[in-house]
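So you can see what is in the structure, the chains are spelled out below.
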Amino acid sequence: MRLGFLTDPKGKVPVKVVARTFASGKTEKLVYQCLSDLGLPSGKNDVIEPEDFTFDKFYGLYHKICPRNDIEELFQSITQGKTETISMDQFILFLNEKQRDPRLNEILYPLYDEKRAAEIITTYEQDEQARGERKLTKDGLIRYLMSDENAPVFLDRLDIYMDMDQPLSHYYINSSHNTYLSGRQFGGKSSVEMYRQVLLAGCRCVELDCWDGLGRDEEPIITHGKAMCTDIVFKDVIYALRDTAFVTSDFPVILSFENHCCKGQQYKLARYCNDILGDLLLKEPLPESALEPGVPLPSPNQLKRKILIKNKRLKPDVEKAELDLFMQGQFVIEDEEKEDASAPMIEKKEEPAESVDGTATQEDVPIQVPYTGSTTNVHPWLSSMVNYAQPVKFQGFDVAEQKNIHHNMSSFAETAGLGYLKSQAIEFVNYNKRQMSRIYPRGTRADSSNYMPQVFWNAGCQMVSLNFQTPDLPMQLNQGKFEYNGNCGYLLKPDFMRRSDRSFDPFAESPVDGVIAAQCSVQVIAGQFLSDKKVGTYVEVDMYGLPTDTIRREFRTRMVPSNGLNPVYNEEPFLFRKVVLPDLAVLRFGVYEENGKLLGQRILPLDGLQAGYRHISLRTEANFPMSLPMLFCNIELKIYVPDGFEDFMAALSDPRAFISAQEKRNQQLKAMGIEETDIKDPLLGVDGNSTAGAGGKKGSKTGGAKGAAAGAKVEEEKKEDLKFESITAESLRAEKGFQKIARKQQKELDTMKKRQLKEQLTMQKQQCTAIEKLIKGKNKSDLVSDPTVRKLVVEQTVQWSDMVERHRKEEWELVRQHLTDQQDILKRLMETSHAAQMKQLEAKHDREMKEMNSRQAKISVETMREVANDKTLRTKGDRDRRMKEKKQNNTKKFTDERRFAQKKNDREIEKLKSKHDKEMETLIKDVQNQIELNNNEELEHQLAPKMEFFA
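If you're wondering where the values come from, they're calculated on a predicted model, not measured in any experiment. (Residues numbered from 1 in each chain as written. Predicted model: local features only at pLDDT ≥ 70, side-chain atom pairs only at ≥ 80, totals over all residues. Heavy atoms only, no water.)

Participant: Before we move on, can you summarise the sheet that holds strand S7 (residues 253-259) with the specific residues and values?
Facilitator: Pairing in this open sheet of 5 strands is mixed, and the strands run S6-S5-S4-S7-S8 from one edge to the other. Looking at which strands have only one partner, the edges of the open sheet turn out to be strand S6 (232-233) and strand S8 (307-310). Bridging between strand S4 (residues 205-211) and S7 involves 6 bridges; their strand directions are parallel. When the bridges of S7 are listed, Cys 210 appears paired with Asn 259. Against the sheet, helix H12 (residues 263-277) contacts S4, S7 and S8, and its axis sits at roughly 165° relative to S7. (Pairing = 2+ DSSP bridges. Helix = DSSP H or I, 4+ residues; strand = E, 2+ residues; numbered from the N terminus. Contact = heavy atoms within 4.5 Å. Axes fitted to C-alpha atoms, helices over the stretch in contact; angles between N-to-C directions.)

Structure below.
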C-alpha cells in the first residue's frame, strides 16, 4: 500500500522508491536484478505501472529479496529434510508439540487433530496439488505462521472476555494524571484535545484541575495552578468528554476533579456537567448499591455509559440542608476570596497535587511549584452529584477497615504509596479489595515523566494514573496491559487479590496458594522490516511482574550489523525459569538501533500468551501499531518444576510413558537373567520393581542416585536406632548401689535382733532364777495352786509379752524405714538410669543433626559449584537467579528435613519419657506393695493379740 502511494506526478511507481524500501538490508543492485527476474522494469530511472505492480508481484519480490531462511530451517526440521512438503501427520505433530501450550486443559483446549489441521491447510496452502493431497508447502507454512490465527496471544483476549459484573474495586482502571497537559508540568501547554485523545486511547479516569476564570464571563478554567501553564475552558472539556467518552468503550468514565473554584464558579461546574452531559452523568446512586457501610461498589456493567464525578462531598446533613435551600432559591453564597490560577509564584515548597489526602512527602526540588489543596467548601449541587468516588483523607488501613465504606477512596503520591507498600503491603492489598485507591506521580516530575506502574498493580491499586503525553516505558506498559479485554479500560484483578478469604503479599517470592508458577522461554530468531535504514539492530526481552519475577535489561540478542530489513539473530533461548505469578506478568520486546534508539516495542501478557513459533508485530513508542516491523520468535511455556522433581512431573504428565519405561527396564533386566522377585526397592525395603529414576536416561541416573541415597539413609537410621532395656525393680535391686544399702540394712536388722535376743535371754534367766528361788523347798504338787507362784508367773508372762511386743514393733518399724529408704534409693537409681538413657538419646540426636548439617553444607557447596559450572547460564543475572532459586529450594528442603528430624527426635523423647514414667510407676507400686505387706502383718497381729511366754 505504501509503495502504491509513493507515485510520481504521472501516477507511476518509481523503481528507485522500491529499491530504497528494500535497501536497508540489501544492495540496490540486487533489488534491480529481482525486479528484472519478475518481468518488471528494473532500471534505476524506470517506473512501474500501478496495475502491473500487483500484490503477488510484491510478494514474489519480497521473498526474493528477503528469503525466510529462518522458516526454511523450521520447515526442514519438521520434514526431517526428506520431503518437499509437510505431511498431515508431521503437521499435527508440529502443532501439538510446538504450537500448543502443554499447560492447557485438553477438554477446554483440545489437541490438534486431522480435521483441524486440514482446515489450516485448506485456508493457507495456495498450491492446489498440495492442498488436494492435504500437505503443506513451505509457502503455505509461511502464510500460516504470519496469519492472525497464529497470533502471539489468544485472539479472544483482544475482545471483552473478563467478568464485568464484579464491584469497581476489583478492576484495574486505565487512568490519566493532569490529562489537560500536552507537555511539561511546569510551563506546559494545556489542550482540550488531550481529553479526546486519552479517552479514544481507552483511558477511563481523567483529571480536571478546576480554577476560577477571569474576565467578564468568569468561565471556570482548567490549568495547572500557579505552574505557568496555559489554561482551557472547563465547558469545552465537558463537551469533548460528552463526544468521546464512550467511543472506545462503554464502561464508566471517572472525572477526578481537583476543585479550587469558589462556590459561585462551582455552581457553573455543576450546571455544565448537568446540562451538557445530561443522562450520561450518574447523579444518583443505584438502588441496588446504596451509599452505606459494607455495601460493595456497583460493577462496570451496571455503570455502562455513565460518567462519575470524583470530588469532595459535604456531610450528608449539611448537604441536605444547603441543597434544600438551593432548590428553593434561598441559598446565599457568602463572599469568599477567589483563587487565581495565574497569580505570581511565591517561594515555598511544593505540596503534591492531592495533599488534602495527607499522604505525600515534601521534597526539595529545583523548580518550586507553590500549590494549595482542593477546596473543602463545596457547592451543595456539585456535592450531590458525587456518589461512588468520594475522596477522603487517608487515616490508616485499620481505620478504613473499621469504617468499611466501599465508596470512600483516597489518593496517594507515588512516594507515599511506595511507603505504604514497603511497610504495610498486605494491608494495602486488602484495602484495595474493598475500596478504590488512586496513585499519581510525585510533584518533582516536572518533565511529565512516569513512575513504573507495575509495583502498584501488584498491590491491587485500581487507578494508577500516568502522564499520557509521555510515551516512556511505564506508559508503554500501561497501554500494552490495557490493550487486552477489548481495550475497554477495565481489567479484572486476579482472584486472590479480590477475595476477602485470601491473603497476598506483593513481595512474595514463593508461589501463591492456588496459582501454578510458570516457566517461559523466548528465542528471538529473526526480524523483518525493523528499519528503513542500513543500521545494526538488537532485541531486548524483559519481564515485568512481581519483584521476584521482574527481569530487566538482561536478555539481549547480539547486534546484527548493517541490516534493518531482515536481521537473523538465532539467539539461544532466554529462559525466565520461575515466574511466581503469571497472572500479573508481562513480556516486553524492545528493538533498538545500534545507538540505542528504540525502533519498536510490544507488550504481551504472560496470561494469554501462546506458545510456539510466532510473529510479533511491533508498536511505536506511543503504542501505535506499525504496519511491517515484526519479530519471529519461538516461545515455550511450561509449568515451573523445582530441581529434583523433574522425573516426578514427567511421570504425572505422561504416566503411560512412565509405565512403559518401567516395563522396558524390566525386560532389559530379564534379558540379563534378573527376575522381578530379585529386585529390592531401596525406598520401600521390599521386593518389587524399583521406581527410582523413571523417565529416561536422566531419570535413571538422578532417580537411581536418590533411591540409593534413600536406601543408605534407611540403613543408617536402622543402625542408629537405639534399643533401651527396660528398667525394673529387680534389675535395680541387682545394682551395686542398692546391694550396698541392702547389706547395710540387713546388718542393722541383724544387730537389732542380736540385741533383742540378748535381752530375751537375760530376762529368761532372771525369771527362771526368781521362780527357782520362790519354789525352793516347796512341795511340787502344791506349786500349781500356790497363789504366790501363780502371781509371779503372771507378772513374768506380762513382762515377757511386753518385751516381745516391743521387739516386734521395733522390727516392723525398722523394716518399714528400710523399705521407705529403699524406695528413695530405687527412685534415685531409676532417675539416674533414665537420665543416662535420655542423654544417650540426645547424643544420638545431636550426632544426627551434625551429620545432617554437614550433609546440607556439602549440598550447598555442590549447588554453588553446579551453578558456577553450568554453561547454559550465560549471564550473571541468570546465575544469580538460579543460585537464588536453588538456595530457596535447598532452604525449604533443609528446613523440612530439620523439621522432620526434630519431630522424629521429639517423638522418640516423648516415647522414652512415657516408658520412663511407666517404669517409675511400676517401681513405686512394687515398693508400696512390700510396705503394705509389712503393715498388714502388723495389723493382723494387732487384731489377734496373744500372750507371749516361753516354756
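Let us keep going from here.
Participant: Provide a residue-level description of the side chain of Ser 176, including the pertinent values.
Facilitator: For Ser 176, the position within the fold is in the loop between strand S3 (171-173) and helix H10 (193-200). The residues contacting Ser 176, other than those within four sequence positions of it, are Cys 203, Cys 205, Glu 207, Arg 438, Ser 465, Leu 466 and Phe 468.

Participant: Quick one: what's the story with the packing of aromatic side chains, residue by residue and with numbers?
Facilitator: Taken as a whole and judged by the stated rule, the model has 33 aromatic pairs. Ring geometry for Phe 55 against Phe 58: centres 6.4 Å apart, planes inclined by 40°, an arrangement best described as tilted. Here Phe 55 and its partner Phe 58 are both found in helix H4 (residues 55-65), 3 residues apart, which amounts to about one turn of the helix. Arranged with centres 5.2 Å apart and planes meeting at 10°, the rings of Phe 555 and Phe 574 form a pair that is stacked. In this pair, Phe 555 is assigned in strand S16 (residues 551-556) and Phe 574 in strand S17 (residues 574-579), connecting sequence segments 19 residues apart. For the residue pair Phe 555 and Phe 574, the accessibility class agrees, reading buried in each case. An aromatic cluster is defined as three or more aromatic residues linked by ring pairs; in this entry it consists of Phe 91, Phe 94, Tyr 124, Tyr 144, Tyr 613 and Phe 632. Seen from the ring of Phe 632, Arg 68 lies directly overhead, with NZ or CZ sitting 5.2 Å from the centre. The ring of Tyr 59 has Arg 143 lying over it, and the distance from NZ or CZ to the ring centre is 4.4 Å. (Phe/Tyr/Trp six-rings, centres within 6.5 Å; stacked < 30°, edge-to-face > 60°. Buried < 20%, exposed > 50% of the residue type's maximum accessible area, 1.4 Å probe, protein only. Lys NZ or Arg CZ within 6 Å of the ring centre and 35° of its normal.)

Participant: Now, about the confidence of the model for the protein chain: what can you tell me, with residues and values included?
Facilitator: Put simply, the protein chain has an average pLDDT of 85, and 87% of its residues get 70 or more. A low-confidence stretch, residues 683-719 stays under pLDDT 50, and its non-local contacts, those more than four residues away or across chains, total 51 contacts. (pLDDT = per-residue confidence, 0-100.)

Participant: Describe the nonpolar core, with residues and values.
Facilitator: Soluble globular proteins: nonpolar side chains tend toward being buried together. Residues Leu 208 and Phe 234 are the most contacted members of the largest nonpolar core, which totals 97 residues. Looking at this core element by element, the count peaks at 6 residues for H12. Apart from residues lying up to four places away in sequence, Leu 208 is in contact with Tyr 195, Ile 222, Phe 234, Val 237, Ile 238, Leu 241, Leu 255, Ser 256, Phe 257 and Glu 258. By size, the runner-up hydrophobic cluster in this structure holds 32 residues, among which are Ile 551, Phe 555, Ile 616 and Leu 631. (Core = buried A, V, L, I, M, F, W, Y, C linked by side-chain atoms within 4.5 Å.)

Participant: Mind laying out helix H6 (residues 88-97), listing which residues take part and the relevant values?
Facilitator: Here H6 has its buried residues at Met 88, Phe 91, Ile 92, Phe 94 and Leu 95. Along H6, the residues classed as buried sweep out an arc of 160° about the axis, all on the same side. Those residues of H6 that are exposed and aimed more than 90 degrees away from the buried face are Asp 89 and Glu 97. Where H6 is buried, its residues contact helix H5 (69-79), helix H7 (114-124), helix H9 (138-145) and strand S20 (612-619). (Arc of directions from axis to C-beta.)

Participant: Which residues make up the environment of Leu 912, and what are the values?
Facilitator: Mapped onto the secondary structure, Leu 912 falls in helix H26 (residues 876-943). Judged by relative accessible area, which is 5%, Leu 912 ranks as buried. The sequence separation of Leu 912 and His 834 amounts to 78 residues, and the corresponding C-alpha distance is 8.7 Å. When residues no more than four places from it in sequence are discounted, the contact partners of Leu 912 are Phe 724, Gln 837, Met 838 and Leu 841.

Participant: Go over the pattern of salt bridges, please, and point to the residues and values.
Facilitator: Counted by the stated rule, this structure contains 46 salt bridges. Close ionic contact of Arg 619 with Glu 483 constitutes a salt bridge, the shortest N to O distance being 2.7 Å. Placement of the pair is Arg 619 in strand S20 and Glu 483 in the loop between helix H19 (473-482) and strand S13 (490-492), with a sequence separation of 136 residues. Residue Arg 619 is classed as buried on the basis of its relative accessible area of 11%. With its nearest N and O atoms 2.8 Å apart, the salt bridge here joins Asp 896 to Arg 899. Placement of the pair is Asp 896 and Arg 899 together in helix H26, with a separation of 3 residues, close to one helical turn. Accessibility expressed as a relative area gives 31% for Asp 896, which makes it partly exposed. Owing to a relative accessible area of 42%, Arg 899 belongs among the partly exposed residues under this scheme. Shared partners join several salt bridges into a network, and the residues in it are Asp 495, Arg 499, Asp 501 and Arg 502. (Salt bridge = Lys/Arg side-chain N within 4 Å of Asp/Glu carboxyl O.)

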